[in-house]
Amino acid sequence: MASTSLHPLHQSLSPKYPHLSHNSRFTPSRLRFTSLRFPSTIRAASAVALEPEVSTQQSQTLEVDPFACPICYEPLIRKGRPGFNLPAIYRSGFKCNKCTKTYSSKDNYLDLTITAGMKDYTEIQPARTELFRSPLVSFLYERGWRQSFNQSGFPGPDEEFEMAQEYFKPAEGGLLVDVSCGSGLFSRKFAKSGAYSKVIALDFSENMLRQCYDYIKQDDTISSTNLALVRADISRLPFASGSVDAVHAGAAIHCWPSPSNAVAEISRVLRSGGVFVGTTFLRYSSTTSWIERPFRERVRWNYNYFIEEELEDLCSTCGLTNYSKKVQQSFIMFSAQKP
Ligand SMILES: C[S@@+](CC[C@H](N)C(=O)[O-])C[C@H]1O[C@@H](n2cnc3c(N)ncnc32)[C@H](O)[C@@H]1O
């Protein structure tokens, strides 16, 4: 694999992280994903302001989470069981005190899209986003669809994961958000690695998140103690500015409605020193013949395929530095850091 402009941190590709032993296993049969809404009596501006009410409701716990309102980016206040794990999050209600909007879990993921709770308005996204909302594509994704990327030079999930982990070393122990996680192929690996205090699997597709939940249920080795499933739009990430240590976007940027809005959002949520790692298909690479290039320029199908220079330009224009990349045929893994 050709490796260019490699950041010194990223030169070795043989990371092996010690797996943490998790005492608490995910026990799906005991879960009931009821969504508790905030009682209308709660009017606090912060968790501290809510204290008097807490003292009168001993059975309920309020805590501040990594989640922020997708409308105003104020931190959301949780009411429900404490802890950053699937059962606790899905049995909780979240509220933005500024917008007075509540957010709750649907089936098995927390819906933090702006449209959450809307009754009459329906928004249709570009085809490259809508495609992945289909139950069939979500079902097929890890059953052949993703494997077909290897023909374009994708090394495959295990190697891509190891490569990403190497880039993410400065973010170890922090909050990792796997944006556009699909059915959670990499989110599950990040959660299992034990390298992060919290992992958020985030996607716009309800069916991808349902599929992700099904895979988590089937895998006893995935800890329930540090993983959340969240529905959100990449152009409106539900996190406060500077609050995220690592953002992973596997095979995703070409699917986003506005890659520039999305990378700007990623840059906004990353803390100083935080790391962004993405993979995608190149329109063509430096090794593509000049004869083939005009053809590749015209045939873009539905997706936003990039050339190497565009990805670097996008990252730097959105305020990210230390850009580096690895290229193999049409596959590129790129990384950039928040200064
Ligand atoms: C090709 S899949 C990638 C899945 C996985 N990350 C991987 O590496 O295989 C692209 C994902 O991007 C998601 N996506 C598309 N538009 C999005 C948006 N506006 N916000 C968040 N995710 C989006 C799709 O739902 C889909 O799951």
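The rules behind the values
Residues numbered from 1 in each chain as written. Predicted model: local features only at pLDDT ≥ 70, side-chain atom pairs only at ≥ 80, totals over all residues. UniProt positions renumbered as here; feature names shortened; annotations may be inferred. Helix = DSSP H or I, 4+ residues; strand = E, 2+ residues; numbered from the N terminus. Contact = placed C-beta atoms within 7 Å. Near = placed C-beta within 6 Å. Nonpolar A, V, L, I, M, F, W, Y, C, P; charged D, E, K, R; others polar. Buried ≥ 20, exposed ≤ 12 C-beta atoms within 10 Å, placed from the backbone. Pairing = 2+ DSSP bridges. Core = buried A, V, L, I, M, F, W, Y, C linked by C-beta atoms within 7 Å. Domains from an automatic or database assignment. Axes fitted to C-alpha atoms, helices over the stretch in contact; angles between N-to-C directions. Parallel < 35°, antiparallel > 145°, perpendicular 65-115°, else oblique. Left-handed = near helix turned anticlockwise from the far one by under 90°.

Under an unreviewed UniProt entry, the protein chain has the name Methyltransferase type 11 domain-containing protein and belongs to Dovyalis caffra. Database annotation for the protein chain, UniProt heading Subcellular location (unreviewed entry): "Plastid, Chloroplast, Plastoglobule". UniProt annotates the protein chain under Sequence similarities (unreviewed entry) with the comment "Belongs to the methyltransferase superfamily."

Caption draft 1: Here's a closer look at the overall build of the protein chain. Check the secondary structure of the protein chain and you find 10 helices and 14 strands. Within the protein chain, contacts between residues at least 6 apart in sequence are counted, and of these 70% link residues at least 24 apart.

Caption draft 2: Expanded view of the site of the ligand. Around the ligand lies a shell of 20 residues, among which T129, F132, S180, G182 and G250 are the nearest. Split by residue class, the shell around the ligand holds 12 nonpolar, five polar and three charged.

Caption draft 3: View of the pairing of strand β10 (residues 227-231). Most of β10 sits out of view: five of its five residues are buried. Burial along β10 is two-sided: the residues L227, L229 and R231 and A228 and V230 are all buried. Of the strand pairs in this sheet, strand β9 (residues 198-203) and β10 are connected by five bridges, and their pairing is parallel. Paired with A201 across the strands is L229, a residue of β10.

Caption draft 4: Structural view of the pairing of strand β3 (residues 75-80). Of all six residues in β3, six are buried; the element is thus mostly enclosed. Side chains of β3 alternate between two faces, with P75, I77 and K79 and L76, R78 and G80 buried alike. Sheet topology note: the β3/strand β4 (residues 93-96) ladder contains three bridges and is antiparallel. By the bridge assignment for β4, R78 is matched with F94.

Caption draft 5: Inspection of the nonpolar core at higher detail. If you look at the biggest cluster of nonpolar residues, it comprises 81 residues, and the most contacted ones within it are L229, V230 and V247. Mapping this core onto the domain boundaries places at least three of its residues in each of domain 1 (2-20 + 125-337) and domain 2 (34-106). Once residues lying within four places of it in the same chain are set aside, the contact partners of V247 are V177, V179, I266, L270 and F276.

Caption draft 6: How the structure looks around the packing of helix α4 (residues 135-145) against helix α7 (residues 206-218). Following both chains from N to C, one finds α4 and α7 inclined at 40°, their axes separated by 8 Å at the closest point. Considering their axes alone, α4 and α7 lie oblique with respect to each other. Between α4 and α7 lies a crossing of right-handed hand. Contacts between α4 and α7 involve P135, S138 and F139 from the former and N207, M208 and Q211 from the latter. When the residues that make up the contact of α4 with α7 are grouped by side-chain class, the tally is three nonpolar, three polar and no charged.

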